[in-house]
Amino acid sequence: MAVSNSNSLKKIKYVIPAVILCAVFAVFFVFLGNKEKTASFFAMDTYCSAKIKGKNSSECLKQIEAAVTDLENIISRHKKSSDFYAINRDGKGTLDKKQSAWLNAMLSVSKNSGGAFDFTLGELSDLWGFGDEPKVPDDEDIKAILSRTGYQKISLTETGISFPEGVSVDMGAVGKGIALDEIKALLDENKVSCGVISIGGSILLYGSDTLTVGITDPAGKSQYIGILTPGNGCVSTSGSYERFFEENGKKYHHILNPETGYPADSGLVSVTVYSENGLLSDALSTACFVLGKEKGTALLKEYGCGGIFVETDGGVTVTDDLAGKFQLTDTSYTMR
Ligand code: AMP
Ligand code: MG
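Presented here is an overview of the structure given in this document.

Criteria and cut-off values
Residues numbered from 1 in each chain as written. Chains lettered and ligands numbered in written order. Predicted model: local features only at pLDDT ≥ 70, side-chain atom pairs only at ≥ 80, totals over all residues. Heavy atoms only, no water. Donors = N, O, S within 2.8 Å, 3.2 Å for Na, K, Ca; no water. Helix = DSSP H or I, 4+ residues; strand = E, 2+ residues; numbered from the N terminus. Buried < 20%, exposed > 50% of the residue type's maximum accessible area, 1.4 Å probe, protein only. 1 Å grid on protein atoms, 1.4 Å probe; cavity = no way out; pocket = protein on both sides within 12 Å on 5 of 7 lines; lining within 4 Å. Points joined across faces, edges and corners; volume = space filled by probe spheres on them. Nonpolar A, V, L, I, M, F, W, Y, C, P; charged D, E, K, R; others polar. Core = buried A, V, L, I, M, F, W, Y, C linked by side-chain atoms within 4.5 Å. Contact = heavy atoms within 4.5 Å.

Glancing now at the coordination of the magnesium ion (ligand 2). Around the magnesium ion (ligand 2), the donor atoms from the protein are Ala 173 (O), Asp 282 (O), Asp 282 (OD) and Thr 286 (OG1), and they sit 2.1 to 2.5 Å away. Written as a sequence motif, the donor residues of the magnesium ion (ligand 2) are A-x108-D-x3-T. Remark: Thr 286 and Asp 282 occur in helix H8 (residues 278-291); sequence separation between them is four residues, near one turn of the helix. For Thr 286, a relative accessible area of 14% puts it in the buried group.

Below, the discussion takes up the layout of surface pockets. It is the rolling of a water-molecule-sized probe over the atoms that shows where space remains empty. One number sums up the size of the second largest pocket: a volume of about 410 Å³. Ser 240, Lys 251, His 253, Ala 264 and Leu 268 are, among the 19 residues lining the second largest pocket, the residues nearest its centre. Looking at the lining of the second largest pocket, the elements with two or more residues in it are strand S12 (250-253) and strand S13 (268-275). Looking at the lining of the second largest pocket element by element, the count peaks at four residues for S12. Its residues placed into classes, the lining of the second largest pocket shows eleven nonpolar, five polar and three charged.

Nonpolar side chains in soluble globular proteins generally cluster together in the buried interior. Grouped together as the largest cluster of nonpolar side chains are 62 residues, with contacts concentrated most on Ile 64, Leu 187 and Ile 197. Take this core: its biggest share by element is eight residues, from H8. Here Leu 187 is in contact with Ile 52, Cys 60, Ile 64, Val 192, Ile 197, Leu 204 and Tyr 206, once residues within four sequence places are set aside. Counting 17 residues, the second largest nonpolar core, distinct from the first, contains Leu 205, Ile 308, Val 318 and Leu 322.

Now the structure itself:
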């Protein structure tokens, strides 16, 4: 017994330091592997950035950039090789499962917003020239386009889409949100522990309830008007400050009221929407910008989403869902 005891003691003497050493190495490698990694790139006509923590973070960052570029090559209205370019050219096309789900969700937002969200206005956006050479178009030309557009003209089957000539499907109001949904699936697959991904005005918060988003100052005086801590999910902002031009001292922005064909004028300068789903957060922020605060709040309630409305007079309204999760930091704005 005594011998065996001394042998055990010897074993313990060597085993314990070895175990400690292994543990230290394990912690070291896990720490190294989980180091925060960042990337930034330009895609979908906007600046994108990603900050993630996880084992495969370097590889995952490459996958994120590739996913956004791939998506752009599918949904772009202007790239001649894209699926939606062909669909718009032919007035019809087949849709894969994902594309069909996007279009169905978009149609639902169009219907539920009473047409404030209308993804058939591609030709009208082109007429305004947002992107390259913006100008106020002739009123007659606006009316002519409106007479042949409208989400009601879209026919969807399980595997296809069709619409009459003059309609042009524009994914501009949902593309960034869809990108966030694709990226979220990648973060899940790669078992990323934590991440913040920004595609222009749409941001994915992943893996922690304490991640924050700064809400951009629409007037551009300060960087942010306040800080939102909504939990995991997607935050999309639509604002008149994002893309606009001036003609004869008047500002014209890129979010169009489908009833008038002119930039939406509902008393808002920005709307931020929080949803677990990226496409919804993006589509609803555009819809709410057109609808204005009251109708927009009602629409968000239907979808169980939260929002922050910033009015032209500097008033800020936070919906019940986000109450207590937003902190105003810029005192030139007022909470309503
Ligand atoms: P967002 O910045 O997400 O609000 O999207 C704005 C983009 O959506 C514009 O640049 C247009 O391509 C498109 N768009 C403009 N007005 C509307 C509208 N009423 N409904 C849907 N898409 C729109
Ligand atoms: Mg949008």
